[in-house]
Amino acid sequence: MQNTDRETARKEVVGKIDGKPYYYIDSSIIIILQRLDEYIAAGSTEEELIAFMTKNNRMNEAGAKDLLKKYHLNQKGELIFCITPTVYRETMLDARIKVTRDFVRNNCRLAMPNMNLAQFANLVKTIAIEFEEAKSKNGHKGLAPEIKKETGVDDNLEDRTILAEAVAFSLIGKKNVRFLTCGRSKSKVRENDNEVISLGKKYRQCQVNYGRSFPELRRGEDVVSVFMHSNHNDFGDSTRDSKDVREVSFKVKQIIEKILNGKSKLNILTPDEVEKGGF
């Protein structure tokens, strides 16, 4: 694909808020971007930033350059990074790491449903169940349940929930989503904390729709969202050498298309895939 074609492909899959392109990002991307803040403050060169992002095959050089470009656009206020409630909880409530919290407050918007929380929670948990099938034939877990013997906790539950939230937001449409500033004031942070905690309680209380039915929504225009991540093993990556990782990527895309059923569009992209124009 030539550069001009690649740019066209990106424009087709990136939605806008307030006239600006936006991306849902997960905790792994936030940690990378937050480290860029630290390296830049310490005087690192562009080459050193690229070296950090490509270390241990985290992403390829083209993907790293693309993510760095998006970082700079975000810093200029020309591109918006959005996070789902579960990503907010991971970074702002659970981790309690100051530099991560500062990055989220200063650079991200929290997406919250503008509808009944119990209804939204039911939708998210129903979608999350679908993603239990995102695994490879060779047994690579992907997003399938993976219970840790030491803790008895499903290690993939949060990843499924994050992805289900992004799909749910795409399904219900931007008119039914509030994009909140994460805020520097303590009162704003407390307000966001309380909303996310309240939704988390609904997740635990909701009656999941095992019939796998999804709302029949009628909107004037499709909603287009892109979710960036660097978690190749769980979410998959169509550009990786691993056959299992590519198969997980295909399964994730297949499940999303089934759920959205032409009602809206959502591409799940790694930095590498964004550079290559997506699926």
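Please read all numbers here as calculations on a predicted model, not as lab measurements.

Visitor: So, the overall build of the protein: which residues are in play, and what are the values?
Guide: Looking only at helices and strands, the protein has 12 helices and seven strands in total. The proportion of buried residues among the 279 residues of the protein is 52%. Considering only contacts in the protein between residues 6 or more positions apart, those separated by 24 or more positions represent 76%. For the protein, the accessible area works out to roughly 13,500 Å², and carbon and sulfur atoms hold 46% of it.

Visitor: Give me the lowdown on the side chain of Glu195, citing residues and values where you can.
Guide: Positionally, Glu195 belongs in helix α9 (residues 186–205). Its relative accessible area of 17% is what places Glu195 among the buried residues. Setting aside residues up to four positions removed in sequence, Glu195 forms contacts with Met112, Arg178 and Leu180.

Visitor: Report on the packing of helix α2 (residues 27–41) against helix α4 (residues 61–75), specifying residues and quantitative values.
Guide: For the pair α2 and α4, the least separation of the axes is 11 Å and the interaxial angle reads 70°. Considering the angle they form, α2 stands roughly perpendicular to α4. Residues Ile29, Ile32, Leu33, Leu36, Asp37 and Ile40 of α2 touch α4, and the partners they reach there are Leu67, Leu68, Tyr71, His72 and Gln75. Split into classes, the residues belonging to the contact of α2 with α4 amount to eight nonpolar, two polar and one charged.

Visitor: Please set out the environment of Lys125 residue by residue, giving values where relevant.
Guide: Position of Lys125 among the secondary structure elements: in helix α7 (residues 117–130). In this structure the C-alpha to C-alpha distance between Lys125 and Tyr203, which are 78 residues apart in sequence, comes to 7.0 Å. Leaving out residues up to four positions away in the same chain, Lys125 has contacts with Tyr203, Cys206 and Val208.

Visitor: Hey, could you go over the state of the cysteines for me, with residue numbers and the actual values?
Guide: Evaluated as defined, the whole model comprises zero disulfides. Free of any disulfide, Cys82 has its nearest cysteine sulfur in Cys108, 8.2 Å distant.

Visitor: Describe α9, naming the residues involved and giving the relevant values.
Guide: Look at α9: 29 Å from first C-alpha to last across 20 residues, which is about the 28 Å you get at 1.5 Å a residue. Those residues of α9 not exposed but buried are Lys188, Val189, Asn192, Asp193, Glu195, Val196, Leu199, Gly200 and Tyr203. The arc enclosing the buried residues of α9, seen along the axis, measures out at 165°, which places them on a common side. Counted as exposed and oriented over 90 degrees from the buried face of α9: Lys186, Asn194, Arg204 and Gln205.

Visitor: How would you explain the pairing of strand β2 (residues 20–25) if you had to name every residue and give the values?
Guide: Sheet analysis places strand β1 (residues 16–17) next to β2, joined by two bridges and oriented antiparallel. Within β2, the position partnered with Lys16 by the bridge is Pro21. Counting the residues between successive antiparallel strands, the hairpin from β1 to β2 contains two residues, one of them, Asp18, with a positive phi of roughly 55°. Across three bridges, the pairing between β2 and strand β3 (residues 80–83) is parallel. Looking across to β3, one finds that Tyr23 is bridged to Phe81.

Visitor: How would you sum up the pattern of salt bridges? Please name residues and give values.
Guide: On inspection of all chains with the given rule, the structure shows 14 salt bridges. Linking Asp102 and Lys98 is a salt bridge whose minimum nitrogen-to-oxygen distance equals 2.7 Å. Of the two residues, Asp102 and Lys98 both sit in helix α6 (residues 98–107), four residues apart, roughly one turn of that helix. Ionic pairing is found between Arg160 and Asp154, a salt bridge with its closest N-O pair at 2.6 Å. The same class applies to Arg160 and to Asp154, which are both buried. The network of salt bridges with common partners includes Arg89, Asp94 and Glu158.

Visitor: Lay out the packing of aromatic side chains with the relevant residues and their values.
Guide: Remark: the centre distance and the inter-plane angle together describe each pair of aromatic rings, the angle taken between the planes. In the structure shown here, the tally under the stated rule is six aromatic pairs. Residues Tyr24 and Phe169 carry aromatic rings whose centres are separated by 6.0 Å and whose planes lie at 5° to one another, so their mutual orientation is stacked. Of this pair, Tyr24 sits in strand β2 while Phe169 is found in helix α8 (residues 157–172), placing the two residues 145 residues apart along the sequence. According to the relative accessible area criterion, Phe169 is buried, its value standing at 1%. Ring centres of Phe120 and Phe169 lie 5.1 Å apart, and the angle between their planes is 25°; this geometry places the pair in the stacked category. Of this pair, Phe120 sits in helix α7 while Phe169 sits in helix α8, and the two are 49 residues apart along the sequence. Linked through ring pairs, Tyr22, Tyr24, Phe120, Phe169 and Phe179 together constitute an aromatic cluster.

Quick notes on the rules
Within each chain, residues carry numbers counting from 1 in the order of the written sequence. For a predicted model such as this one, the threshold for reporting local features is a pLDDT of at least 70, and the threshold for listing and counting side-chain atom pairs is 80 or more; totals across whole chains, interfaces and linings nevertheless cover every residue. As a rule here, side-chain values cover all heavy atoms of the structure and leave hydrogens and water aside. Helix numbers and strand numbers start at the N terminus; a helix is a DSSP run of H or I with at least 4 residues, a strand a run of E with at least 2. Only protein chains enter the area calculation, which uses a 1.4 Å probe; residues under 20% of their type maximum are buried, those over 50% are exposed, and those in between are partly exposed. Between two residues, a contact is recorded if the distance between any of their heavy atoms is within 4.5 Å. Here the accessible surface of atoms and residues is derived via Shrake-Rupley with a 1.4 Å probe, and residues count as covered only by protein chains that are part of the display. Whenever a helix is involved, its axis is fitted only over the stretch in contact; in every case the axis is a line through C-alpha atoms, and angles between N-to-C directions fall within 0 to 180 degrees. We call two directions roughly parallel when the angle between them is under 35 degrees, roughly antiparallel when it is over 145, roughly perpendicular when it lies between 65 and 115, and oblique otherwise. Nonpolar residues are Ala, Val, Leu, Ile, Met, Phe, Trp, Tyr, Cys and Pro. Charged residues are Asp, Glu, Lys and Arg, and all others, Gly as well, are polar. Only a pair of cysteine sulfur atoms within 2.5 Å counts as a disulfide in this structure description. Working rule for helices: expected span equals 1.5 Å times residues minus one. In this context, the arc is that of the directions from the helix axis out to the C-beta atoms. Only strands that DSSP links by at least two bridges are regarded as paired with each other. Salt bridge, as applied in this entry: a Lys or Arg side-chain nitrogen positioned within 4 Å of an Asp or Glu carboxyl oxygen. Centres within 6.5 Å make a pair out of two Phe, Tyr or Trp rings, where for Trp the six-membered ring is used; the pair is then stacked when the planes are under 30 degrees apart, edge-to-face when over 60, and tilted otherwise.

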